[in-house]
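# Fold and geometry: a report
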Amino acid sequence: MRLRNKPWATKLVAEHPESVLDRPDPKRKIDWTKRFSDFSKPLEIEVGSGKGQFITTLAQQHPEKNFIALELQMTAAGMILRTKLAKGLTNLQILCADAANINCFFAPASTNVIYLNFSDPWSKARHEKRRLTYHTFLKKYQEVLQPSGQLEFKTDNAGLFAYSLKSMNNYGMNFDFVSVDLHHEQSEFAKTNVETEYEHKFAAQGNPIYAVHADFEVK
Ligand code: SAM
């Protein structure tokens, strides 16, 4: 999803450095303790938050946790910020950056959950390395996650889902929950599921939603 540049978003981001880290230097450590009022709360990161429906809803539902929206596009970051400010979400920070550097931005074993929602499929074989479930990304998530931390992935794209299951399996991850039709099953995860923008759109078109929760723990 490429959003058209919106000047108001760039301006809003520039006015709120306390809420948005705009393309920080990956070589410099980020002191998250200064950006959250209580950094001892569990930390959850969404990679590729888009306009932020999912992560702002979670942040509102769970004041007992801290959340990061990691998003490449400035316009999307501005949209997430607008919602954060409107809802007064002090437990949400926005990181406008490339997920390829996630392990530079967060300390090892600092994170409880990483969410990947409707990630760009990069269907062509020559673009495999850009998929957010390619093994180089999995390695970085593993570094950042606590040993029992979860990677939670949702998509409507059957090809990307099959690829991601293979990639996670080859990496030695454990599958804790798998669904090939999240919206039409009775599990606890399905009942508490928080929809993203893409999920809402694709489910309304009748597409099944695929989901997997996996961890890196050696069992
Ligand atoms: N998660 C949202 C949803 O489900 O509605 C948005 C999905 S959209 C298809 C994918 C988002 O991931 C886009 O906003 C894009 O800018 C972001 N993205 C793609 N690659 C990224 C990367 N390497 N680092 C951070 N964000 C990325």
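## Digging into the packing of aromatic side chains
Under the definition given, this model contains 11 aromatic pairs. Ring geometry for Phe137 and Tyr141: centres 6.3 Å apart, planes at 35 degrees, overall tilted. Of this pair, Phe137 and Tyr141 both sit in helix α5 (residues 135-144), separated by 4 residues, roughly a single helical turn. Its relative accessible area of 7% is what places Phe137 among the buried residues. The interplanar angle of 85 degrees and the centroid separation of 5.8 Å between the aromatic rings of Tyr171 and Phe216 together place this pair among those described as edge-to-face. Placement of the pair is Tyr171 in helix α6 (residues 158-171) and Phe216 in the segment after β8 (210-215), with a sequence separation of 45 residues. A relative accessible area of 10% places Phe216 in the buried class. Note that Arg131 overlies the ring of Tyr163, its terminal NZ or CZ placed 4.5 Å from the centroid. The residue whose ring lies beneath Lys201 is Tyr198, and the NZ or CZ to ring-centre distance is 5.0 Å.

## Overview of the packing of helix α1 (residues 7-15) against helix α3 (residues 74-87)
Packing of α1 against α3 leaves a shortest axis separation of 8 Å and a crossing angle of 60 degrees. With respect to α3, the axis of α1 lies oblique. Seen along the crossing, α1 lies across α3 with a hand that is left-handed. For the pair α1 and α3, contact is made by Trp8, Ala9, Thr10, Leu12 and Val13 and by Met74, Thr75, Ala77, Gly78, Met79, Leu81, Arg82 and Leu85, respectively. Across the contact of α1 with α3, the residue classes tally to 9 nonpolar, 3 polar and 1 charged.

## Some words on α5
Residues of α5 that are buried: Phe137, Leu138, Tyr141 and Val144. Around the axis of α5, the buried residues are gathered within 125 degrees of arc, so they sit on the same side. Buried residues in α5 make contact with β2 (43-47), α4 (102-105), β5 (111-117), β6 (145-155) and α6.

## Re the packing of α5 against α6
How two helices sit against one another is set out by the angle between their axes and by the gap between those axes. Where α5 meets α6, the closest approach of the two axes is 10 Å, and the angle between their N-to-C directions is 60 degrees. Between α5 and α6, the angle is such that the two are oblique. The interaxial crossing formed by α5 with α6 has right-handed handedness. When α5 is examined against α6, the residues His135, Leu138, Lys139 and Gln142 are found in contact with a partner set consisting of Ser167, Met168 and Tyr171. Grouping the amino acids of the contact of α5 with α6 by side-chain chemistry returns 3 nonpolar, 3 polar and 1 charged.

Rules of the game
- Residues numbered from 1 in each chain as written.
- Predicted model: local features only at pLDDT ≥ 70, side-chain atom pairs only at ≥ 80, totals over all residues.
- Heavy atoms only, no water.
- Phe/Tyr/Trp six-rings, centres within 6.5 Å; stacked < 30°, edge-to-face > 60°.
- Helix = DSSP H or I, 4+ residues; strand = E, 2+ residues; numbered from the N terminus.
- Buried < 20%, exposed > 50% of the residue type's maximum accessible area, 1.4 Å probe, protein only.
- Lys NZ or Arg CZ within 6 Å of the ring centre and 35° of its normal.
- Axes fitted to C-alpha atoms, helices over the stretch in contact; angles between N-to-C directions.
- Parallel < 35°, antiparallel > 145°, perpendicular 65-115°, else oblique.
- Left-handed = near helix turned anticlockwise from the far one by under 90°.
- Contact = heavy atoms within 4.5 Å.
- Nonpolar A, V, L, I, M, F, W, Y, C, P; charged D, E, K, R; others polar.
- Arc of directions from axis to C-beta.

Read these as geometric descriptors, not functional statements.
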